[in-house]
Every structure is written in structure tokens, then in C-alpha cells.
Amino acid sequence: MEAGALIIFALLMLFAFLGLGAWATVKAVGAAKRGVDRTLTQARRTVEDTTLRARSLGQVGVTAGLAQLRLDLRTSMRATQQALYQGVQTDASLKESIGLFERLSEHGHDLDAELKRLEQEPDRKRIAESLPDLRERTRKITESADSLRWAARERARRFAEDELSALSAQIEVESGALRDWSRESVDDLTAAAASWDAGEREHRPGGPKESRPAALKPASPQSRHPWEKAPRPETTA
């Protein structure tokens, strides 16, 4: 029975280790996949932004207009997203701003998708007619994103200024304390030097005689308790 129980226990431990190893492997693979996905997404965005910039500069008409709108929209939204998500790590009050930005991002994604579809639209005349409306929608979204971004930066700057002011005040107080301590130390050294000089003068010839320490004075007769006997006088032969 004991041998069977040990075998079962060993098998359970083996399965547990195998399961733990499999779980760790899945987690590692998942983390690596997410890292690869982020890298690919960032690379795709970089390529797309570069293409849009080239179209806005190298072409004219409707194609250049659509490319410029998409570039303006993506640049503003990405900068605001970065500012808010970095700022919330030190300022929790930005969570509400992030909620507003996420709602704004839905409109931004819809507009970017629409602009991207229009790039493939063959009817350039109709696109040209819709450009004023597309510019107005882009302006509203980018201005709202810019407002959130600059407000977050202004808030961070004011916090930094307040912290610097408080730190400067603390340093001034500490500096004053250090200066007072320095004066006290000089006064203590001066008093110690004066005391030492006085002692030297007392030990010089002709100087005032030093009083005899109490420890060197002859001891006074010891008082006796009433129950002690008086000493017997010595007898002479």
C-alpha cells in the first residue's frame, strides 16, 4: 500500500510540474506573440505615415488633400494618446480625460477609415465636393484632441512648478538651520578656548592657588550609631 501511494504521489507531482511547465510555455509564447504584434503594428503605422506624407507632398488635388487629412488626424490622435497614457501613471485624475479621448477616438477611427476608402474611390469629382466636410470633421477631432493634450501638459507643468516651489522653500529652511548650527558651533569653540586659557593661568606661578579638592581633604570623624560601643582606651603598663 505504501509503495502504491508513493507511486501515485510521484505521478501527481510529475503531472503538476508538466502542467506548470506547459502553462509557463503558453504564457511565454503569448507574451512573445504580443510583442511581435506590437512591433508589426508599429512598423505598419510607420510605413503608412511615410506613404501619406509622400502623397501629401508629392501629389496634388484630391489625393494630396486626403493624405494630408489622414496625416493630420493620425498625428494629433497619437500624440494625445501618448501624453494621456503617460501622464495618468503619475496623475490619476487623467482617467476621466482618457475616457473622453477614447470616445473621441471612435470618431477618429471612423473618419480615418472613411478617408482611406476614399483614396480608392475613382470618382474624384465627388470626393472633391466632400472635401470641405471632411476637413471640418478632421478639424473638430484634432482640435479636441489637441485641447486634451495641452491641458494635460499644462497640468503636469503646474504640478512640477508647485513641487519645485515647495522643494525650494524646504531647502531655504534647511539652509537657515545649517547656518544657525554653524554659529552655535563657533560660540561653543570660543567658550571652550576661554575656559582652557583660564585653567592655564591658574597653573602658572604667582597665579591663584588651586583650591584643594574635596577628595584630598582629611576625612571627618565617622559618626557612630547609638547601638555601637565606644572604643576602649589603651592601657599603659
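As a starting point, this report considers the structure included with it. Please read all numbers here as calculations on a predicted model, not as lab measurements.

Digging into helix 3 (residues 95-119)
Thinking step 1. Its 25 residues give helix 3 an end-to-end C-alpha distance of 35 Å, which sits within 8% of 36 Å, the value for a rise of 1.5 Å per residue.
Thinking step 2. Ser97, Ile98, Phe101, Leu104, Ser105, Gly108, Leu111, Asp112, Leu115, Leu118 and Glu119 are the residues of helix 3 that are buried.

Some details on the layout of surface pockets
The gaps of empty space that remain are located by a probe, the size of a water molecule, rolled over the atoms.
Thinking step 1. In this structure, the second largest pocket spans a volume of roughly 150 Å³.
Thinking step 2. Residue lining of the second largest pocket: Ala83, Gly87, Thr90, Asp91, Leu94, Ala152, Arg153, Arg155, Ala156 and Phe159, and that is the complete set.
Thinking step 3. Within the residue set of the lining of the second largest pocket, elements represented by two or more residues are helix 2 (62-87) and helix 4 (124-203).
Thinking step 4. At 5 residues, helix 4 tops the list of elements feeding residues into the lining of the second largest pocket.
Thinking step 5. Broken down by class, the residue content of the lining of the second largest pocket amounts to 5 nonpolar, 2 polar and 3 charged.

Quick notes on the packing of helix 2 against helix 3
Describing two packed helices takes the angle between their axes plus the distance from one axis to the other.
Thinking step 1. Contact geometry of helix 2 with helix 3 gives a least axis separation of 10 Å together with a crossing angle of 160°. By the angle class used here, helix 2 and helix 3 are roughly antiparallel. As helix 2 runs across helix 3, the sense of the crossing is left-handed.
Thinking step 2. Residues of the contact of helix 2 with helix 3, tallied by class, amount to 12 nonpolar, 5 polar and 6 charged.

So, the side chain of glutamate 119
Thinking step 1. Of note, glutamate 119 is situated in helix 3.
Thinking step 2. Side-chain polar atoms of glutamate 119 contact the side chain of arginine 70, separated by 3.3 Å.

Here we look at the pattern of salt bridges
Thinking step 1. Scanning the entire structure with this criterion turns up 12 salt bridges.
Thinking step 2. Close ionic contact of aspartate 112 with arginine 74 constitutes a salt bridge, the shortest N to O distance being 3.6 Å. Taken together, the positions of aspartate 112 in helix 3 and arginine 74 in helix 2 put the pair 38 residues apart, joining distant regions of the chain. Comparing aspartate 112 with arginine 74 shows no difference in burial state: the two are buried.
Thinking step 3. Arginine 157 is the partner of glutamate 161 in a salt bridge, and the nearest nitrogen-oxygen pair spans 2.4 Å. Placement of the pair is glutamate 161 and arginine 157 together in helix 4, with a separation of 4 residues, close to one helical turn.
Thinking step 4. Look at arginine 157 and you get partly exposed, because its relative accessible area is 39%.
Thinking step 5. If you follow the salt bridges from partner to partner, you end up with Arg70, Arg74, Asp112 and Glu119 in one network.

Criteria and cut-off values
Residues numbered from 1 in each chain as written. Predicted model: local features only at pLDDT ≥ 70, side-chain atom pairs only at ≥ 80, totals over all residues. Heavy atoms only, no water. Helix = DSSP H or I, 4+ residues; strand = E, 2+ residues; numbered from the N terminus. Expected span 1.5 Å × (residues − 1). Buried < 20%, exposed > 50% of the residue type's maximum accessible area, 1.4 Å probe, protein only. 1 Å grid on protein atoms, 1.4 Å probe; cavity = no way out; pocket = protein on both sides within 12 Å on 5 of 7 lines; lining within 4 Å. Points joined across faces, edges and corners; volume = space filled by probe spheres on them. Nonpolar A, V, L, I, M, F, W, Y, C, P; charged D, E, K, R; others polar. Axes fitted to C-alpha atoms, helices over the stretch in contact; angles between N-to-C directions. Parallel < 35°, antiparallel > 145°, perpendicular 65-115°, else oblique. Left-handed = near helix turned anticlockwise from the far one by under 90°. Polar contact = N/O pair within 3.5 Å; in protein donor to acceptor, adjacent residues only side chain to side chain. Salt bridge = Lys/Arg side-chain N within 4 Å of Asp/Glu carboxyl O.

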